[in-house]
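Descriptive analysis of the structure
The chain contents come next:
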Amino acid sequence: MARAGLTILLLVAFAAVNAYANDIGSVDVRGLGDRGSCPVRPWNAKQTAARERVIPIKFQIPYSSKPMVALGISGTDIDQRYNMRVNTEVQNLTNEGFDLKVGVWCNTYAYKLVITYFVVPDTYHPAEPAPAKELMNWG
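Every chain begins its residue count from 1, and numbering advances along the sequence as written. Thresholds applied to this predicted model are a pLDDT of at least 70 for local features of residues and 80 or more for the giving and counting of side-chain atom pairs; totals over whole chains, interfaces and linings are not thresholded and use all residues. Side-chain numbers here rest on the full set of heavy atoms in the structure, without hydrogens or water.

It is worth spelling out the packing of aromatic side chains at this point. Note on aromatic contacts: the rings of Phe and Tyr and the six-membered ring of Trp form a pair at centre separations within 6.5 Å, being stacked when their planes are under 30 degrees apart, edge-to-face when over 60 apart, and tilted otherwise. Summed over all chains, the structure comprises 4 aromatic pairs. With a centroid separation of 5.2 Å and an interplanar angle of 90°, the aromatic rings of phenylalanine 59 and tyrosine 63 are classed as edge-to-face. A ring pair is formed by phenylalanine 98 and tyrosine 117, whose centres lie 5.6 Å apart and whose planes are at 80°; its orientation type is edge-to-face. With a gap of 19 residues between them, phenylalanine 98 in strand β5 (residues 97–104) and tyrosine 117 in strand β6 (residues 109–120) connect regions that are remote in the sequence. Within the aromatic cluster, the residues linked to one another by ring pairs are Phe59, Tyr63, Phe98 and Tyr117. Every helix listed is a DSSP run of H or I at least four residues long, and every strand listed is a run of E at least two residues long, numbered separately from the N terminus.

Okay, structure coming up:
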């Protein structure tokens, strides 16, 4: 029974996202990382080519203006001997597409990463978010 409930919840969530997202896709990134070293620098500094990939994504149909893009990691196959340190980023966003940057840091080695993206037109404006002060009031 719990499995059926989870399936229904996932279908409803997907339908809610799909109602606004025009482009939904995923990209497989394989063989990313370097097991042999852990550079002494911040994780967000430029990494070696073995640790980063930039994948151009072209939208199915160009948008009238620059859309919003959400990224998620939907699958991993990471070397279990090391920590998982993965960073995803949207770069060079236009109305026709974007560059998806995927990077790992230190000795993380990804045999496979599946990055999913959702593209929502900028005409979608959700209700005003709650002020940050209210979001952080856990007491």
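Within the secondary structure layout, tyrosine 109 lies in strand β6. Sequence spacing of tyrosine 109 and glycine 33 is 76 residues, and the spatial spacing of their C-alpha atoms is 4.4 Å. Residue contacts are defined here by distance: any two heavy atoms, one from each residue, within 4.5 Å place the two residues in contact. Beyond its immediate sequence surroundings of up to four residues, tyrosine 109 is in contact with Gly31, Leu32, Gly33, Asp34, Arg35, Asp77, Ile78 and Asp79.

Per-residue pLDDT for the protein chain has a mean of 76; in total, 63% of the residues score no lower than 70. At the level of individual helices and strands, the protein chain shows its lowest average pLDDT in helix α2 (residues 132–135), which scores 50, and its highest in β5, which scores 94. Note that pLDDT drops below 50 for residues 15–19; the model gives that stretch 2 contacts with residues more than four away or on any other chain. Scored from 0 to 100, pLDDT records how confident the predictor is in each individual residue.

At least two bridges found by DSSP between two strands are what make those strands a pair. Overall, antiparallel pairing links the 3 strands, which are arranged β1-β6-β3 in an open sheet. Strands with a single pairing partner mark the edges of an open sheet, and in this sheet they are β1 (23–33) and β3 (68–78). For this sheet the average axis-to-axis angle between neighbouring strands, irrespective of direction, equals 20°. Across 10 bridges, the pairing between β1 and β6 is antiparallel. Paired with valine 27 across the strands is isoleucine 115, a residue of β6. Working convention: axes come from line fits to C-alpha atoms, limited for helices to the stretch in contact. Angles between N-to-C directions cover 0 to 180 degrees.

With that settled, consider the sheet that holds strand β2 (residues 52–58). If you walk across this open sheet you meet the 3 strands as β2-β5-β4, and the pairing is antiparallel. The outermost strands of the open sheet, each flanked by one partner alone, are β2 and β4 (86–91). Here the strands of the sheet are splayed against their neighbours by 20° on average, with no regard to which way each runs. Alignment of β2 against β5, held across 7 bridges, turns out to be antiparallel. Across the sheet, the residue bridging to proline 56 is aspartate 99, located in β5.

A few words now on the pattern of salt bridges. Between Lys or Arg on one side and Asp or Glu on the other, a salt bridge is scored when a side-chain nitrogen of the former is within 4 Å of a carboxyl oxygen of the latter. A complete count under the given rule lists 4 salt bridges for this structure. A salt bridge links glutamate 52 to lysine 101, with the shortest nitrogen-to-oxygen separation between them at 3.5 Å. Linking glutamate 52 in strand β2 with lysine 101 in strand β5, this pair joins segments that are 49 residues apart in sequence. Residue glutamate 52 shares its accessibility class with lysine 101, and that shared class is buried. For arginine 81, the salt bridge goes to aspartate 79, with nearest N and O atoms at 2.7 Å. When a residue's accessible area, from a 1.4 Å probe over protein chains only, is under 20% of the maximum for its type it is buried; when over 50% it is exposed; and in between it is partly exposed. Judged by its relative accessible area of 4%, aspartate 79 falls in the buried class. Look at the salt bridges and you will find they share partners, linking Asp28, Arg30 and Lys112 into a network.

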